[in-house]
Amino acid sequence: QVQLVESGGGLVQSGGSLRLSCTASVRTFSVTGWFRQAPEKEREFVAAINWSGGDTLYSDSAKGRFTISRDNAKNTVYLQMNALKPEDTAVYYCGTQGYGNLRDTRPDVYTYWGQGTQVTVSS
């Protein structure tokens, strides 16, 4: 059983930055991804990274503004978010896959999830 804990969310003004962290209870040799869910919307893919950190994938909305990275020594994956916009407001979740297909962005393929951290961007 893998437990994931997100942190780093908060309230920030438009154009500001936040860094989210996702710390796992054990080392996960798999893809880790960030998703977000706004009220009354489906959970959507934001970014993912493979185990080594050598391959990443971003949604179109995240590309150029967000950076995903990982520190396996700390069992932690980060999401650096810059140039934030009000439409980025959501609960952000991290998840790990069971079989590790970086390019499969469906939430259903992610086995373990954290409890989420709220990101609110004011205009």
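Located above this text is the structure these notes cover.
Residues numbered from 1 in each chain as written. Predicted model: local features only at pLDDT ≥ 70, side-chain atom pairs only at ≥ 80, totals over all residues. Heavy atoms only, no water.

S.K.: Help me out: how do you make sense of the nonpolar core in this one?
M.R.: It is characteristic of soluble globular proteins that their nonpolar side chains tend to be buried jointly. Grouped together as the largest cluster of nonpolar side chains are 24 residues, with contacts concentrated most on Trp 34, Val 46, Phe 66, Ile 68, Leu 79, Met 81 and Tyr 92. Of all the elements in the fold, those that place two or more residues in this core are strand 3 (18-24), strand 5 (44-49), strand 7 (66-71), strand 8 (76-81), strand 9 (90-97) and strand 11 (117-122). If one sorts the elements of this core by residue count, strand 3 sits on top with four residues. Counting eight residues, the second largest nonpolar core, distinct from the first, contains Phe 35, Leu 102, Val 109 and Tyr 110. (Core = buried A, V, L, I, M, F, W, Y, C linked by side-chain atoms within 4.5 Å. Buried < 20%, exposed > 50% of the residue type's maximum accessible area, 1.4 Å probe, protein only. Helix = DSSP H or I, 4+ residues; strand = E, 2+ residues; numbered from the N terminus.)

S.K.: Before we go on, may I ask you to explain the pattern of salt bridges in this structure?
M.R.: Oppositely charged side chains may form a pair once their charged atoms are brought near each other. If you walk through the whole model with that rule in mind, you get six salt bridges. As a salt-bridge pair, Asp 88 and Arg 65 come within 2.8 Å of each other at their nearest N and O atoms. You can see Asp 88 sitting in the loop between strand 8 and strand 9 and its partner Arg 65 sitting in the loop between strand 6 (56-58) and strand 7, a full 23 residues away along the chain. As far as burial versus exposure is concerned, Asp 88 and Arg 65 are alike and both buried. A salt bridge links Asp 104 to Arg 106, with the shortest nitrogen-to-oxygen separation between them at 2.7 Å. Arg 106 sits in the partly exposed class, given a relative accessible area of 48%. (Salt bridge = Lys/Arg side-chain N within 4 Å of Asp/Glu carboxyl O.)

S.K.: Would you mind showing me how to read the state of the cysteines here?
M.R.: Linking two cysteines covalently via their sulfur atoms produces the bond known as a disulfide. Counted according to the given criterion, the structure contains one disulfide. Paired through a disulfide, Cys 22 and Cys 94 show a sulfur-sulfur distance of 2.0 Å. Here the S-S torsion is close to 70 degrees, and the disulfide linking Cys 22 with Cys 94 is therefore right-handed. Taken together, the residues span a long stretch of sequence, with Cys 22 in strand 3 and Cys 94 in strand 9 at a distance of 72 residues. Overall, the relative accessible area of 0% leaves Cys 94 in the buried class. (Disulfide = S-S within 2.5 Å.)

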